[in-house]
Amino acid sequence: MNPFHGLCAFPPTPLDAAGGIDEPRLTGLARDIVAAGADAIGVLGSTGAYPYLGRAERRRAVGLAVGAAASRVPVLAGIGALATRDVLLHAEDAAAEGADALLLAPVSYQQLTEAEVLGLFSDVAGAVDLPICIYSNPATTGFAFSDDLLARLAERPGIAAVKLPPPPRGEVAADLARRRARIGPGLALGYSGDWIGSEALGAGAAAWYSVLAGIRPRVAVALSSAARAGDRASLERIEAALAPLWALFRTHGSFRVALAIADLAPPRPVLPLDAAARPALDVALDGLDAAG
């Protein structure tokens, strides 16, 4: 029941025709994740479109995920927002709905400094009892965590993990070793970027934070299990089948691709995956079917 260990699945947040949460669909996605054997659910991550949802919608999404998890797996809830006061409100709501841990990205309009990000995390850690995972996503937030800053944050009680962006494939083990040496043992180091997920787990990372697991959890669980067991034959078979999907993720971003696979509409003004990518998506879907 460690929210920062193993395979953490990040489902999209389905929206209904009026732009509100499609509650049966989100509940179904979360139940599928639990049934498949994932280690945790990450609700309101980037794939969950948290910046596009209002406070009431975000609180409801956490409650639905917690209800579907039914205490069988922990629920990690995203709380990122522009202002610290709003982050604290989202943290309060997530705790009230029964979340087991919090995921915090330094969302900003003005470019944040290291001192400001340190202050944000210190404020939140001092105000809540739930453990916090640092969400390092420089591609969307514009803020890159230095190892020195991560080491300082690791000293703060309540800050327990970090969700790292993917280094180049083939460099994951070196990246993990370097960060462990510089940050110390205070943070559980996990990675996003599905195309390096099995490599990260095989190298000994604490967690793989997965988009795929949120929409096709059985495939992701199979890949995760093979990576942790060192089952090279299964790894090679599944990775070969998923190569077209990883290419789509890297080219178009996992958000639009995941929504397309799940047949969900993005929140406006975001538009669906471009029609020109449809042939590549069809190939990726064939690969998903082949992967199991």
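Treat the numbers as computed from the prediction; the structure is a model and nothing was measured.

*Asks:* Before we go on, may I ask you to explain the packing of aromatic side chains in this structure?
*Replies:* The geometry of an aromatic ring pair is captured by two quantities: the separation of the ring centres and the angle between the planes. Tallying each qualifying case throughout the model produces four aromatic pairs. Measuring from ring centre to ring centre gives 5.0 Å for F143 and F145, while their planes differ by 85°; the resulting arrangement is edge-to-face. Take F143 and F145: they sit in the same class, and that class is buried. Taken together, a centroid distance of 5.9 Å and an interplanar angle of 45° make the contact between W246 and F249 tilted. Highlighted residues: W246 and F249, both in helix α11 (residues 232-252), separated by three residues, approximately one helical turn. The exposure class of W246 is buried, given its relative accessible area of 4%. An aromatic cluster of three or more residues is present, and its members are F121, F143 and F145. Just above the ring of F10 sits the side chain of K163; from NZ or CZ to the centre is 5.3 Å.

*Asks:* What exactly am I supposed to notice about the pattern of salt bridges here?
*Replies:* Two side chains carrying opposite charge are able to pair once their charged atoms lie near each other. Taken as a whole and assessed by the stated rule, the structure comprises 14 salt bridges. Here R179 ties to D147 by a salt bridge, and the two come within 2.8 Å at their closest N and O atoms. Separated by 32 residues along the polypeptide, R179 in helix α7 (residues 172-183) and D147 in helix α6 (residues 147-154) bring together distant segments of the chain. Just as R179 is buried, D147 falls in that class too. Ionic pairing is found between D147 and R182, a salt bridge with its closest N-O pair at 3.6 Å. Of this pair, D147 sits in helix α6 while R182 sits in helix α7, placing them 35 residues apart in sequence.

Each value, and the rule that gives it
- Residues numbered from 1 in each chain as written.
- Predicted model: local features only at pLDDT ≥ 70, side-chain atom pairs only at ≥ 80, totals over all residues.
- Heavy atoms only, no water.
- Phe/Tyr/Trp six-rings, centres within 6.5 Å; stacked < 30°, edge-to-face > 60°.
- Buried < 20%, exposed > 50% of the residue type's maximum accessible area, 1.4 Å probe, protein only.
- Helix = DSSP H or I, 4+ residues; strand = E, 2+ residues; numbered from the N terminus.
- Lys NZ or Arg CZ within 6 Å of the ring centre and 35° of its normal.
- Salt bridge = Lys/Arg side-chain N within 4 Å of Asp/Glu carboxyl O.

By themselves these figures say nothing about function.
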